[in-house]
Each structure stands twice: as C-alpha cells, then as structure tokens.
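The primary structure of each chain is shown beneath.
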Amino acid sequence: MQGNDKLERLKEIDREYRLLSHTAAILHWDQETYMPEAAVLNRADQLSLLSGLMHDRITQPEIGETLTAIGVSLDADPTPRIPDTFQGIERAFLRELARQYRRNSKIPRRVVTELAKQTAIGQRVWAEARKAADFSKFSGQLSIILALVRDVSSCLGYEDHPYDPLLDEFEPWMKTADVEEVFSGLRQGLKQLLDKIRGSRKKVDTDFLNRKYGIDKQRTFGIKVLESLGYDFTRGRLDESAHPFTTTLGSSDVRITTRYDSRYFPTAIFGTIHECGHGLYELGFGKAVQGTLLADGASLGIHESQSRLMENLIGRSYPFWSHYYPQLKALFPESLGDVDLRRFYEGINHVSPSFIRVEADEVTYNLHILLRFGLEKQLIGEDLAVNDLPAAWNAQMKELLGLEPRNDTQGVLQDIHWSGGMVGYFPTYSLGNLYAAQFFNTLIRDIPDWRNQIGRGRFQTILNWLRENIHKHARIYSARELCARVTGEPLNPRYLLDYLAEKFGEIYGF
Ligand code: ZN
C-alpha cells in the first residue's frame, strides 16, 4: 500500500468504529428514554457484544502496523510523533488515532471485561447502599473497583501520579499537577467570595420556585427557548430521562433529554439549556471532521464549557430573563403573578452551601468538585483507605462548605461516578466552568452589544461566534491549544472568579 492508501485504510477502520459507537449510542438512548423496564438484561447483552466488537476494532494490530509504516512513532511521550508530511486535519487525525490505539491496546481485554462486570455490579450495590444511607454496604465493592482502576492506571503507565492516566481519559493531554495549580487559585478565590456572600445582609426569596408549574407548559416553554438558542429539531430531539444527557447518533442526529419537576421550576429549564449547549457543540462540528474520531469535544472540560456557558453565563443572566420572564409569567400567572423580574432573577441565582452537588449554585458548585478531586486522587494514590472515606468526605464538607452531612446519602454516596469506575471525571465539571468564563470573556469583547442581543432573544451572532471559534474545530486542537487560540492565554481561574464576584456582588450588595 502507498502512504495515501494506508491513511485511507486507517480512516476506513475509524469510520466503522464510529458507526459501531453510534449504534451503541442508539441502544443507550433508548434504554434511558423508552425501553421497557424488563428489557434491561436483553439490552446488557446487546451492549456488551457491541462494546467487545468496538474494543477489537480499535485495538486491531493493523492500526499499529499501519501507523508505524507511515512513520508515526507510538513510543514517543506524551504525544505520538507524527512525520511533518502530515499537516492540519490529517495530523490531528493521526495524533488522536495513535492516542486511542495506544491507550486501548495497553489495557488487557481481561481488565476491560472485569471492570465492565464489576462496575455493573457496583452501580446496583451503590444504589442499594444509597437507599439505606449506609456506606459500609458499598465499601467492599468500591475497593474491588478501585483496585481495577489502579490496574488500568499502571497498565497505561505514568511518571508523576497514578491519577494522570485516568484524568487523561476525560481531559486528554492534561496532567494532575496542571489541575492542582488551577484549582488552588480557584479554591482560595471561592472561599473569599463565599465569605462575603455569607456576610451579606441581603435576603433572597426562593419560595416561589417551589410553587406549582404544570409540566406541559414547562415543556412548551423549554422547546421555545431551545429553538431560539439555535437547537435544530430537524437534526435532534428532546425527550425525558431520569438523568439528563446529550447523545450523538450521527452527524445529523444529536439528541438531548431533560427531566421535569412540577414543584421546582429550575430543574427542567436549566437542565434543558445545559444539554442544549452540549448539543449545539456536537451539531456545530465542521464538515471536514464529521464521521471521524475528530468529531468529538476537544475534551470533557471543553464540552462542559459549552453547556455551562449556555446554562449559566447566558441562561441565568439578567438580560436573558428580561426577555423571557414576561412570557414565563404569562404561562404561570398563578405561581408568578406576584413575583417581579428582579425577585425572579435573584431567586434563580440564590447562593447557599448545600449537601448535593447537582443542586448547587454557581459559586458553591466548584467547591463540591474540589472535594471530590482531592479525595479520588488520594484513593488512587492509596493515601486514603476506602473505609476512611466517609469521615474524610465529611471533614472536607465542613472545611469547604461549613456543613456536616447527617448521613452517607447526603454525603459520600450521592454520586454514581465511582461505582461506575469513573475516576478522573469530576475535575472536568469545574474545568468546564473555568473554560466557559474565559471563553465568554473573549466573546463579549468581540460582541460588545451582547446584553442587548440576549435581551431581545437574539442568539444568532453569539451562536455564530461559538461555531466559528469553538464548535467547528471539534477535536482538531487539544483543549490547551483551543484555549490559547480563542483567548490568547492558558486556562486562568481569574475569569471565573471575576465573573462570579461581579454577578454576585451585584445581587448580594458588596
Ligand atoms: Zn454537562
């Protein structure tokens, strides 16, 4: 085969891998939305067969042989070395293919299947322990899972910290030490900000959020917002699931889900806008990368930046609600008749330390992440025993948020991630918030009348900016490269801290 044919062959293998993964995504989507309850074992068999086929495809020796034949050095660290004859998209394609091949073939099939099995058990055991609010019912299974995750880390290899190769799965090319550095600045700034908010005399009313909000009307409102934000219903759908998510089933099929609570208005609308941000990113990938492994977020942190930018920086802003609040009030006159725009805006932005991460406000949310990042790093480095985890969790809660969980359900058992073997995932949520604020800072410099546009319900210029600067590049650049290209500097916690201080200083009067 000539060099060009070899590259084409690699593209063909990748294309088939993508088709398999989109097929698996359809099965996952169906499982979370419409599948009958009793079908769970049928579905597990189908997904397990597909994941085996996918693993075989992405680790087939032909990939390694062909990469080597065209001069890609798989041994080079941390980035595979690629001959200069390959530039642009082809170079990025080879970099990502080599990365994926290298990662997957270092982990023995035995570890992959054992982890799949133990995490399937783990999620069930976790759900039972959570119901019983008793960590001791989960600790045995968690130890088994963590041992396997440590196996994965040592198979992949690391120089500095066993957490590095785990983080790299979700946030490619980023090191634990980089996250630590960014987070330490964030931690200090957030604690100061929270102290100021706590010291404020301002009382924010949130009672009206818990009045009655009919679900049909919430759905109608959500769809209207999605349409004006630019979500294309000819290439997507909105459905319901217990845990909202976005999934890509093909370049013209990016679906989102949400959930409704008739007694708590913010759940559905902010969940919907959040997933819309993820969806717009996937729908905005450039033509040149569609159907290839580059049709993906640059990293999970970058992906999350697109959802947080929509949900928080736009969706929780005053201009946004100055446009939408009259319409919302007209839909729910009994619940909002006596609430003016200002009171509504303050209510949806109320800051108060709470136990549960997914219900946290914009300020305290990141403290929940700092807590988890610190603990999972210690667990993987074997600096913390599983049995000591609940006590360590509670001590950190006290230290960071000033709260003491009354039981394990309110504390260490609240998230599903560890039972699913997902260690290294949590930091990407805060990285998303950080990237979002930093990108937004550039966006508003480029679009000076952004407030005016949002206030009139016009999002096209903002969407065009996101598409041109972020979406179309998909995974061509690493997160670090993308951040530098868009904002002219590396990730810097100052942007999030400045945004939060300005917004909440205005609400809380300091
Ligand atoms: Zn998200």
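First things first, this report covers the structure right here in the doc.

The rules we used
- Residues numbered from 1 in each chain as written.
- Predicted model: local features only at pLDDT ≥ 70, side-chain atom pairs only at ≥ 80, totals over all residues.
- Heavy atoms only, no water.
- Axes fitted to C-alpha atoms, helices over the stretch in contact; angles between N-to-C directions.
- Helix = DSSP H or I, 4+ residues; strand = E, 2+ residues; numbered from the N terminus.
- Parallel < 35°, antiparallel > 145°, perpendicular 65-115°, else oblique.
- Contact = heavy atoms within 4.5 Å.
- Nonpolar A, V, L, I, M, F, W, Y, C, P; charged D, E, K, R; others polar.
- 1 Å grid on protein atoms, 1.4 Å probe; cavity = no way out; pocket = protein on both sides within 12 Å on 5 of 7 lines; lining within 4 Å.
- Points joined across faces, edges and corners; volume = space filled by probe spheres on them.
- Domains from an automatic or database assignment.
- Phe/Tyr/Trp six-rings, centres within 6.5 Å; stacked < 30°, edge-to-face > 60°.
- Buried < 20%, exposed > 50% of the residue type's maximum accessible area, 1.4 Å probe, protein only.
- Lys NZ or Arg CZ within 6 Å of the ring centre and 35° of its normal.
- Donors = N, O, S within 2.8 Å, 3.2 Å for Na, K, Ca; no water.
- Core = buried A, V, L, I, M, F, W, Y, C linked by side-chain atoms within 4.5 Å.
- Left-handed = near helix turned anticlockwise from the far one by under 90°.

### Here's the deal with the packing of helix 8 (residues 176-199) against helix 21 (residues 494-508)
Link 1 in the chain: At a closest axis distance of 11 Å, the pairing of helix 8 and helix 21 adopts a crossing angle of 5°. With respect to helix 21, the element helix 8 is oriented roughly parallel. Here Gly185, Leu186, Gly189, Leu190, Leu193 and Ile197 of helix 8 come into contact with helix 21, specifically with Leu496, Leu497, Leu500, Ala501, Phe504 and Tyr508.
Link 2 in the chain: When its residues are assigned to classes, the contact of helix 8 with helix 21 shows 10 nonpolar, two polar and no charged.

### A short note on the layout of surface pockets
A water-sized probe rolled over the atoms picks out the places where empty space is left.
Link 1 in the chain: In this structure, the second largest pocket spans a volume of roughly 650 Å³.
Link 2 in the chain: In this structure, the second largest pocket is lined by 21 residues; those nearest its centre are Asp77, Pro78, Arg102, Asp168 and Lys175.
Link 3 in the chain: If you list the elements that add at least two residues to the lining of the second largest pocket, you get helix 4 (88-106), helix 7 (164-170) and helix 20 (479-487).
Link 4 in the chain: The greatest single-element share of the lining of the second largest pocket, amounting to five residues, is contributed by helix 4.
Link 5 in the chain: When grouped by side-chain class, the residues that make up the lining of the second largest pocket number six nonpolar, three polar and 12 charged.
Link 6 in the chain: When residues are assigned to domains, the lining of the second largest pocket turns out to be shared by domain 1 (3-157) and domain 2 (176-508), each giving three or more.

### Points about the packing of aromatic side chains
Link 1 in the chain: The final tally for this structure, using the stated rule, is 28 aromatic pairs.
Link 2 in the chain: Between Tyr425 and Tyr429, the aromatic rings sit 5.4 Å apart at their centres with planes inclined by 50°, giving tilted as the arrangement. The residues Tyr425 and Tyr429 share a single accessibility class, namely buried.
Link 3 in the chain: Taken together, the ring pairs connect Phe208, Tyr213, Phe221, Phe265, Phe270, Phe320, Trp321, Tyr324, Tyr325, Phe332, Phe344 and Phe459 into an aromatic cluster.
Link 4 in the chain: Note that Arg255 overlies the ring of Trp29, its terminal NZ or CZ placed 4.4 Å from the centroid.
Link 5 in the chain: We note Arg357 situated over the ring of Tyr429; from NZ or CZ to the ring centre the distance is 4.8 Å.

### Notes on the coordination of the zinc ion
Link 1 in the chain: Around the zinc ion, the donor atoms from the protein are His274 (NE2), His278 (NE2) and Glu304 (OE), and they sit 2.2 to 2.3 Å away.
Link 2 in the chain: Sequence positions of the residues that donate to the zinc ion give the spacing H-x3-H-x25-E. Taken together, the residues span about one helical turn, with His274 and His278 both in helix 10 (residues 266-283) at a distance of four residues.
Link 3 in the chain: For His274, a relative accessible area of 10% puts it in the buried group.

### Some thoughts on the environment of Arg494
Link 1 in the chain: Locating Arg494 in the fold gives a position in helix 21.
Link 2 in the chain: Between the C-alpha atom of Arg494 and that of Tyr477, which follows or precedes it by 17 residues, the distance is 23 Å.

### Side note on unusual backbone geometry
Link 1 in the chain: For Glu382, which is not glycine, the phi dihedral falls at a positive 55°.
Link 2 in the chain: Residue position: Glu382 is located in the loop between helix 15 (365-380) and helix 16 (389-401).
Link 3 in the chain: Given a relative accessible area of 58%, Glu382 falls into the exposed group.
Link 4 in the chain: A positive phi angle is found at Ala474, which is not glycine, with a value near 45°.
Link 5 in the chain: Along the chain, the position of Ala474 falls in the loop between helix 19 (460-469) and helix 20.

### What to know about the nonpolar core
Link 1 in the chain: Residues Leu94, Phe183, Phe320, Trp321 and Phe344 are the most contacted members of the largest nonpolar core, which totals 155 residues.
Link 2 in the chain: Three or more residues apiece are contributed to this core by two domains, here domain 1 (3-157) and domain 2 (176-508).
Link 3 in the chain: With sequence-adjacent residues up to four places away left out, Trp321 is seen in contact with Phe221, Phe265, Ile269, Phe270, Gly315, Arg316, Pro326, Leu328, Leu341, Phe344 and Ile348.

### As for the packing of helix 3 (residues 61-69) against helix 4
Link 1 in the chain: The geometry of helix 3 relative to helix 4 is characterised by a closest axis approach of 10 Å and an angle of 135° between their N-to-C directions. On the basis of their axis angle, the class for helix 3 and helix 4 is oblique. Read as a crossing pair, helix 3 and helix 4 show a hand that is left-handed. Two secondary-structure elements touch here, helix 3 through Pro61, Ile63, Gly64 and Leu67 and helix 4 through Leu94, Leu97, Ala98 and Tyr101.
Link 2 in the chain: In terms of residue class, the contact of helix 3 with helix 4 is built from seven nonpolar, one polar and no charged.

Function cannot be inferred from these measures alone, as they are strictly geometric.
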